[in-house]
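These are the residues of each chain, in order.
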Amino acid sequence: MLKWFKGVTNQKEAKSLYHKLCRQYHPDLGGSVETMQQINAEFESIYDKLPTGSREDSNSKGGSSEERQPNSNNTTRQTAQRFMKIIQRLVKVEGLKIEIVGAWIWLSGDTFKCLKLIKDIGFKYSAKHKKYYLADGDSNRRGSKYTFRQICDIYGCENV
């Protein structure tokens, strides 16, 4: 029986609600450890069972998305778990703005006081966007012709 993720219909909604719940119930922000553990356990149990919510799911031609990309669900799960751990560490920092754009985490705001943590996690600095970023997977691509707002419009942006 779902307590925290009732009515969630896809992975995007689940992630969005998870980030909102982290801000509200994280132990370092006034919540309890037990509540956060319940939220984490429920999120992990339902996440892989939900559709991604992308156009590929509704337009599945030539087999299901799992048939086309056999490892995509496993990769998505690993990414979600990795992002969860990183966000749990970063959400504790006061004044830090965390944005998830596609498969990237972007940081802005008062980054100076947690610069060591940011670099230890593996974030890099984008001088163009004046933000720190962490890419999922092996993103070797450097530089973008788009502004940060245009990137958000293309991939969607979720504030944590």
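Everything numeric in this text was worked out from a predicted model, so none of it was measured.

Rules and cut-offs
- Residues numbered from 1 in each chain as written.
- Predicted model: local features only at pLDDT ≥ 70, side-chain atom pairs only at ≥ 80, totals over all residues.
- Heavy atoms only, no water.
- Buried < 20%, exposed > 50% of the residue type's maximum accessible area, 1.4 Å probe, protein only.
- Helix = DSSP H or I, 4+ residues; strand = E, 2+ residues; numbered from the N terminus.
- Pairing = 2+ DSSP bridges.
- Salt bridge = Lys/Arg side-chain N within 4 Å of Asp/Glu carboxyl O.
- Contact = heavy atoms within 4.5 Å.
- Axes fitted to C-alpha atoms, helices over the stretch in contact; angles between N-to-C directions.

Caption draft 1: Region of the structure containing the pairing of strand 1 (residues 96–101). Where burial is concerned, most of strand 1 is hidden: five out of the six residues are buried. Across six bridges, the pairing between strand 1 and strand 2 (residues 104–109) is antiparallel. Paired with Ile100 across the strands is Ile105, a residue of strand 2. Remark: two residues form the turn of the hairpin made by strand 1 and strand 2, two consecutive strands paired antiparallel; Gly102 in that turn has positive phi of roughly 60 degrees. Here three bridges tie strand 1 to strand 5 (residues 157–159), and the two strands are oriented antiparallel to one another. When the bridges of strand 5 are listed, Glu99 appears paired with Asn159.

Caption draft 2: A look at the pattern of salt bridges. Throughout the structure, instances matching the rule amount to five salt bridges. Note that Lys113 and Asp110 form a salt bridge whose closest N and O atoms lie 3.6 Å from each other. Where Lys116 meets Asp120, a salt bridge forms, and the shortest distance between an N and an O atom there is 3.0 Å. Of this pair, Lys116 and Asp120 both sit in helix 6 (residues 115–121), four residues apart, which is roughly one turn of that helix. Note on Lys116: relative accessible area 63%, which makes it exposed. Members of the salt-bridge network, linked through shared partners, are Lys97, Glu99, Lys131 and Arg149.

Caption draft 3: Region of interest: the environment of Ala80. Considering the arrangement of structural elements, one finds Ala80 in helix 5 (residues 72–90). Between the C-alpha atoms of Ala80 and Lys15, which are 65 residues apart in sequence, the distance is 8.3 Å. Apart from residues no more than four positions distant in its own chain, Ala80 is found in contact with Phe43 and Tyr47.

Caption draft 4: A look at the sheet that holds strand 5. Strand order across the open sheet formed by five strands is 3-4-2-1-5, with antiparallel pairing between neighbours. Both edges of this open sheet fall to strand 3 (124–126) and strand 5, since each of them pairs with a single strand only. Between one strand and the next, the sheet's axes are offset by a mean angle of 30 degrees, whatever the strand orientation. Relative to strand 4 (residues 131–135), strand 3 runs antiparallel, the two sharing three bridges. Among the inter-strand pairings, Ser126 is bridged to a residue of strand 4, identified as Lys131. Its contacts with the sheet place helix 7 (residues 148–155) against strand 1, strand 2, strand 4 and strand 5, and it is angled at close to 45 degrees to strand 1.

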